[in-house]
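Remarks on the overall topology
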Amino acid sequence: MAVITIADKGQGLPEEQLEAVFKPFVRLEGSRSRDTGGVGLRLAIARTIIQAHGGTVVLRNVAAGGLEAVVCLPLGDA
């Protein structure tokens, strides 16, 4: 398996929202302005592509602050 970790140092997400943000059109940013966010498809598309390649992606809050996305993808036959 190849493991890719993407981290930020932001506020993280509420635990109950970590899975919900992978659903299409879910946005946690409430203004609905195109200037402050997208339409809520990026994570849904990313997860679909990763799963199509036999992988997984999960989000988790980091104790020191921020959020991590952990992507696991199978490697080709050795």
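These lines cover the structure that appears in this document, whether it is placed above or below. (Residues numbered from 1 in each chain as written. Predicted model: local features only at pLDDT ≥ 70, side-chain atom pairs only at ≥ 80, totals over all residues. Heavy atoms only, no water.)

1. What to know about helix α1 (residues 42-52)
Within α1, the full set of buried residues consists of Ala44, Arg47 and Ile50. Along α1, the residues classed as buried sweep out an arc of 135° about the axis, all on the same side. Residues Arg42, Thr48 and Ala52 are exposed on α1 and point more than 90 degrees away from its buried face. Contacts made by the buried residues of α1 are with β2 (56-61) and β3 (67-73). (Buried < 20%, exposed > 50% of the residue type's maximum accessible area, 1.4 Å probe, protein only. Helix = DSSP H or I, 4+ residues; strand = E, 2+ residues; numbered from the N terminus. Arc of directions from axis to C-beta. Contact = heavy atoms within 4.5 Å.)

2. Things to note about the pairing of β2
Taken together, the 6 bridges between β2 and β3 define a ladder with antiparallel strand orientation. Paired with Val58 across the bridge in β3 is Val70. In textbook terms, the turn of a hairpin is the stretch between consecutive antiparallel strands, and for β2 and β3 this stretch comprises 5 residues, one of which, Gly65, has a positive phi near 110°. (Pairing = 2+ DSSP bridges.)

3. Quick notes on the environment of Arg47
Tracing the chain through its elements places Arg47 in helix α1. Among the polar contacts listed, one links the side chain of Arg47 to the backbone oxygen of Val57, at a separation of 2.8 Å. (Polar contact = N/O pair within 3.5 Å; in protein donor to acceptor, adjacent residues only side chain to side chain.)

4. Describing the packing of aromatic side chains
For the coordinates displayed, the defined rule picks out 0 aromatic pairs. Across the ring face of Phe22, the terminal group of Arg47 is positioned such that the distance to the ring centre comes to 3.6 Å. (Phe/Tyr/Trp six-rings, centres within 6.5 Å; stacked < 30°, edge-to-face > 60°. Lys NZ or Arg CZ within 6 Å of the ring centre and 35° of its normal.)

5. Comments concerning the nonpolar core
If you look at the biggest cluster of nonpolar residues, it comprises 9 residues: Leu18, Val21, Phe22, Ile50, Val57, Leu59, Leu67, Ala69 and Val71. Counting only elements with at least two residues in this core, the list comes to β2 and β3. If you tally residues by element for this core, the top one is β3, at 3 residues. Once you skip the residues sitting within four places of it in the chain, Leu59 turns out to touch Leu13, Leu18, Val21, Phe22, Leu43, Leu67, Glu68 and Ala69. (Core = buried A, V, L, I, M, F, W, Y, C linked by side-chain atoms within 4.5 Å.)

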